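# What the coordinates show
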Amino acid sequence: MTPDSAPANSGNDPQLRIGKDDWAATVEGRRLRRSGAWGRFLDRWDALPPLARIGLFAILLLAVPLLTATEPVLDLLGISNNDFIVRTGAQFLASAMLAVGLNIVVGYAGLLDLGFVAFYGVAGYAYAYLSSDFITGGVHLPSIISIPLIIAFTAVVGWFLGSLSIRLYGDYLAIVTLGFGQLFVQLTTTLTRVKLFWLDKPVDLTRGPNGINGLDNVSLFGFTFSSTLHYYYLLFVLLAAVLLLAYRLDQSRLGRAWRAMREDELAAEAMGMPTRRLK
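Residues numbered from 1 in each chain as written. Predicted model: local features only at pLDDT ≥ 70, side-chain atom pairs only at ≥ 80, totals over all residues. Heavy atoms only, no water.

Moving on, we get to unusual backbone geometry. A positive phi angle, close to 60 degrees, is found at Arg207, a residue other than glycine. Within the element layout of this structure, Arg207 appears in the loop between helix H9 (171–190) and strand E3 (219–220). Classification of Arg207 as partly exposed rests on a relative accessible area of 33%. One non-glycine residue, Phe221, lies in the positive phi region at around 55 degrees. Among the secondary structure elements, Phe221 is positioned in the loop between E3 and strand E4 (223–224). The exposed category is assigned to Phe221, whose relative accessible area is 78%. (Helix = DSSP H or I, 4+ residues; strand = E, 2+ residues; numbered from the N terminus. Buried < 20%, exposed > 50% of the residue type's maximum accessible area, 1.4 Å probe, protein only.)

Okay, here's the thing in structure tokens:
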């Protein structure tokens, strides 16, 4: 049999599949399987540039409080007011910021941190101490002062944990960070009757599972955030800033070094990258 008359490759012989990209060859078939209105929507969505997708999603988030504030919409959802929806949206925005931060640690740098959310709790309790009547006499620092202090304090806690686990990687780092997260939970729920040597009576440091209530509203540049809607838009602005910062980090020399360390820490170190400093 001559080469011109050889039968077409049926795909059963693995040797004849060398150099063939099966995934690319079947992409059109997978696209056609997305039929119906939802499939057409996904096709239109995939055709949009990334900035357009982000812009549409941002417009949707900005419009959520407005779309749910009309009576017909509320009646359709069976809700008397839209405070619940706005509060849920604010929690979503705060969780999105945490997800972006976790993606920097785990996604960019490849450090498996299972206690990341504990830093969120550390900052929350620090704000409660500095902006409430929980401490005897009450401490009510202005937000413009308390927030930078809290950021610095949380960074010190992170540096301390990092200095203890700087030589660990993989599952060993995950175990240490998981222990830190569980330790934080145990301390915050049990430090309700702590005996201090300079006091006669035990003191409550965390109020246990109930947490610390009656916090001051955040006030920045003369504006006080006093409603759920105010905090919703504040968190939206903060999320946009965090996303921009994460994007710039990813595109910087530091971000490229993080990705190299994530793929192969030993190879990155052999190429002269200071992996300990990068961590």
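Between helix H7 (residues 117–130) and helix H8 (residues 143–164), whose axes approach to 9 Å, the crossing angle comes to 140 degrees. Our classification of the angle between H7 and H8 gives oblique. Classified by chirality, the crossing of H8 by H7 is right-handed. When H7 is examined against H8, the residues Phe119, Val122, Ala123, Ala126, Tyr127 and Leu130 are found in contact with a partner set consisting of Ser143, Ser146, Ile150, Phe153, Thr154, Val157, Gly158 and Leu161. (Axes fitted to C-alpha atoms, helices over the stretch in contact; angles between N-to-C directions. Parallel < 35°, antiparallel > 145°, perpendicular 65-115°, else oblique. Left-handed = near helix turned anticlockwise from the far one by under 90°. Contact = heavy atoms within 4.5 Å.)

What follows is about the side chain of Thr154. Locating Thr154 in the fold gives a position in helix H8. Take Thr154: its relative accessible area is 15%, and that puts it in the buried class. Apart from residues lying up to four places away in sequence, Thr154 is in contact with Phe119, Val122 and Ala123.

We now examine the nonpolar core. Leu93, Tyr232, Leu235, Leu239 and Trp258 are the most contacted members of the largest nonpolar core, which has 22 residues in total. A total of 9 residues in this core trace back to one element, the largest contributor, which is helix H6 (residues 83–108). Among all residues touching Leu235, those that are not within four sequence positions of it are Ala90, Leu93, Ala94 and Met97. Ala118, Phe119, Val122 and Phe184 belong to the second largest nonpolar core, which has 7 residues in total. (Core = buried A, V, L, I, M, F, W, Y, C linked by side-chain atoms within 4.5 Å.)

This part covers H8. The first and last C-alpha atoms of H8 sit 31 Å apart over 22 residues, in line with the 32 Å expected at 1.5 Å per residue. Looking only at H8, the buried set comprises Ser143, Ser146, Ile150, Thr154, Val157 and Leu161. Each buried residue of H8 lies within a common arc of 65 degrees when the element is viewed along its axis, so the set occupies one face. Away from the buried face of H8 by more than 90 degrees, exposed residues Ile151, Val156 and Trp159 are located. Buried residues belonging to H8 abut H7, strand E1 (131–132), H9 and E3. (Expected span 1.5 Å × (residues − 1). Arc of directions from axis to C-beta.)

Turning to the pattern of salt bridges, a few remarks are in order. Evaluation of the coordinates by the stated rule reveals 4 salt bridges. Linking Asp83 and Arg87 is a salt bridge whose minimum nitrogen-to-oxygen distance equals 3.5 Å. Here Asp83 pairs with Arg87, and both are found in helix H6, just 4 residues apart, close to one helical turn. On the basis of relative accessible area, Asp83 is assigned to the partly exposed category, the value being 34%. Ionic pairing is found between Glu265 and Lys279, a salt bridge with its closest N-O pair at 3.1 Å. Of this pair, Glu265 sits in helix H12 (residues 265–270) while Lys279 sits in the segment after helix H13 (275–278), placing them 14 residues apart in sequence. The class of Glu265 is partly exposed, set by a relative accessible area of 24%. (Salt bridge = Lys/Arg side-chain N within 4 Å of Asp/Glu carboxyl O.)

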